[in-house]
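These are the residues of each chain, in order.
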Amino acid sequence: GLPARVRIHEVGARDGLQNEKAIVPTAVKAEFVRRLAGTGLTTIEATSFVHPKWVPQLADAEELYPEISGLPVSLPVLVPNEKGLDRALALGARRVAVFASATESFARANLNRTVDEALAMFEPVVTRAKGQDVHVRGYLSMCFGDPWEGPVPVPQVVRVCRALLDMGCDELSLGDTIGVATPGHVTALLGALSEAGVPVSALGVHFHDTYGQALANTLAALQQGVTTVDASAGGLGGCPYAKSATGNLATEDLVWMLRGLGIDTGVDLGRLVATSVWMAAHLGRPSPSRTVRALSHQ
Ligand code: HMG
Ligand code: MG
């Protein structure tokens with residue numbers, strides 16, 4: 001069966017804009033988040049408190065966050081370490097996300113750490129956040145394939161998922177960072193996690209759309225009981241530290257499919273398309289989303 005309702009975790013302002021060559025002005029980012037909130041999205045990942053040299057596109061987190069913090073939506077932010085957590089808490093953030101890797105190559109490229117060193121870096125972040133009742137999401141990248149290591153063995157993924165949950169993360173997001181997953185692999189990973197005692201209610205999915213499989217993968221995940229799906233408005237996105245990562249599943253493509261399935265998201269598709277068209281004009285190129293193209297004249 002399929003769920004009656006799906007919560008969309010919108011990542012366009014973070015995963016999308018972190019990968020844009022051009023640096024988007026803070027005021028445009030703030031307006032983007034405001035417009036996204038106006039579409040009915042309830043969880044809008046806003047920015048990252050990472051090292052500004054590693055992700056210059058999000059170096060304005062201190063300026064952006066106060067501009068949007070009054071919106072009546074959840075605004076999770078990425079924090080890799082205690083320094084990032086301090087910066088986020090100082091601005092009143094109530095939802096943070098740490099971001100682990102299932103592979104050594106990506107842990108090194110993205111966090112300058114081994115997998116286990118990165119987990120050790122997250123441990124005090126999660127403990128301190130939970131001590132203040134701050135919600136913690138644990139991302140896990142390279143759950144399916146890795147650009148340096150190839151296909152990623154399922155038990156390797158299950159091990160890091162367990163570690164993140166045991167640490168105290170409230171939810172996990174299973175990342176197909178480079179978009180190589182296919183539905184059978186999704187079903188197999190979710191089956192293995194269930195066997196390992198990981199409740200499906202704690203799992204979200206995060207598909208990049210490099211091979212056009214993101215929507216099919218999402219449907220496979222919904223059939224396994226997943227009800228949290230990450231997507232980015234207009235299909236913005238990628239990861240600067242993973243070659244061949246392209247945009248996330250477009251939120252419009254997801255909403256179109258869910259609407260057809262009778263699954264409620266609370267999102268106004270027309271407003272969302274208008275928001276992505278507006279953002280595309282700022283970025284100077286059309287949205288790659290098929291649904292945005294079909295429903296607009298860009
Ligand atoms: P490092 O160089 O090992 O850092 O980087 P360090 O701990 O050795 O510290 C070096 C300096 O950085 C120190 O300053 C720190 O204070 C400073 P110094 O004493 O030399 O003057 N520093 C910071 N400054 C500001 N904010 C901070 C911070 N931390 C340290 N938070 C580090 C380690 C984790 C910092 C670095 O690797 C980093 O920032 N990485 C972030 C990479 C990133 O954001 N990647 C994209 C997000 S992940 C993603 O997109 C995947 C996802 O979408 C899911 C999927 O698709 O799979 C989530
Ligand atoms: Mg991503």
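Whatever comes next refers back to the structure up there.
What you see is a predicted model; the values in this text were computed from it and never measured.

Visitor: What exactly am I supposed to notice about the overall build of the protein here?
Guide: The helix and strand tally for the protein stands at 12 helices and 11 strands. The globule rule puts the C-alpha radius of gyration for 298 residues at 19 Å, and the 17 Å found for the protein is close to it. With the C-alpha coordinates aligned to their principal axes, the bounding extent of the protein is approximately 45 × 45 × 35 Å. Every one of the 298 residues in the protein was classed for burial, and the buried ones make up 51%. Long-range pairs, those at least 24 residues apart, make up 72% of the contacts in the protein between residues at least 6 apart in sequence.

Visitor: I tried to follow unusual backbone geometry on my own but got confused; where do I start?
Guide: Of all residues except glycine, most have a negative phi; of all peptide bonds, most are trans. Although it is not a glycine, Asp133 adopts a positive phi angle of roughly 60°. Structurally, Asp133 can be placed in the loop between α6 (115–131) and β6 (135–141). Unlike most non-glycine residues, Met142 shows phi in positive territory, near 60°. Counting through the fold element by element, Met142 comes out in the loop between β6 and β7 (145–146).

Visitor: Looking at this structure, I do not really get the pairing of strand β1 (residues 7–10). What am I missing?
Guide: Regular strands place their side chains on alternate faces of the sheet. One ladder, built from four bridges, connects β1 with strand β11 (residues 228–231); its direction is parallel. Bridged to His9 within β11 is Asp230. As paired elements, β1 and strand β2 (residues 43–44) share two bridges and run parallel to each other. Counted as the bridge partner of His9 is Thr43 from β2.

Visitor: Just to check I follow, could you spell out the nonpolar core for this structure?
Guide: Among soluble globular proteins, nonpolar side chains are generally buried collectively. Membership of the largest hydrophobic core comes to 91 residues, with the highest contact counts inside it found for Val96, Ala100 and Leu140. Ignoring anything within four residues of it in the chain, the contact list for Val96 reads Pro76, Val77, Val79, Leu85, Ala88, Ala129, Val134 and Val136.

Visitor: Sorry, what's going on with the site of ligand 1 here?
Guide: Around ligand 1 there are 25 residues in total, and Val50, Gly84, Ser141, Gly175 and Thr177 lie nearest to it. Broken down by class, the residue content of the shell around ligand 1 amounts to 11 nonpolar, 12 polar and two charged.

Visitor: I keep staring at the packing of helix α10 (residues 251–260) against helix α11 (residues 269–283) and nothing clicks. Help me out?
Guide: To characterise two packed helices, one gives the angle between the axes of the helices and the distance between these axes. Packing of α10 against α11 brings their axes to within 10 Å, and their N-to-C directions diverge by 165°. Considering the angle they form, α10 stands roughly antiparallel to α11. For the pair α10 and α11, the sense of crossing is left-handed. Facing Thr251, Glu252, Val255, Trp256 and Arg259 of α10, the residues of α11 in contact are Leu269, Leu272, Val273 and Ser276.

Analysis parameters
- Residues numbered from 1 in each chain as written.
- Chains lettered and ligands numbered in written order.
- Predicted model: local features only at pLDDT ≥ 70, side-chain atom pairs only at ≥ 80, totals over all residues.
- Helix = DSSP H or I, 4+ residues; strand = E, 2+ residues; numbered from the N terminus.
- Rg over C-alpha atoms; globule rule 2.2 N^0.38 Å.
- Buried ≥ 20, exposed ≤ 12 C-beta atoms within 10 Å, placed from the backbone.
- Contact = placed C-beta atoms within 7 Å.
- Pairing = 2+ DSSP bridges.
- Core = buried A, V, L, I, M, F, W, Y, C linked by C-beta atoms within 7 Å.
- Near = placed C-beta within 6 Å.
- Nonpolar A, V, L, I, M, F, W, Y, C, P; charged D, E, K, R; others polar.
- Axes fitted to C-alpha atoms, helices over the stretch in contact; angles between N-to-C directions.
- Parallel < 35°, antiparallel > 145°, perpendicular 65-115°, else oblique.
- Left-handed = near helix turned anticlockwise from the far one by under 90°.

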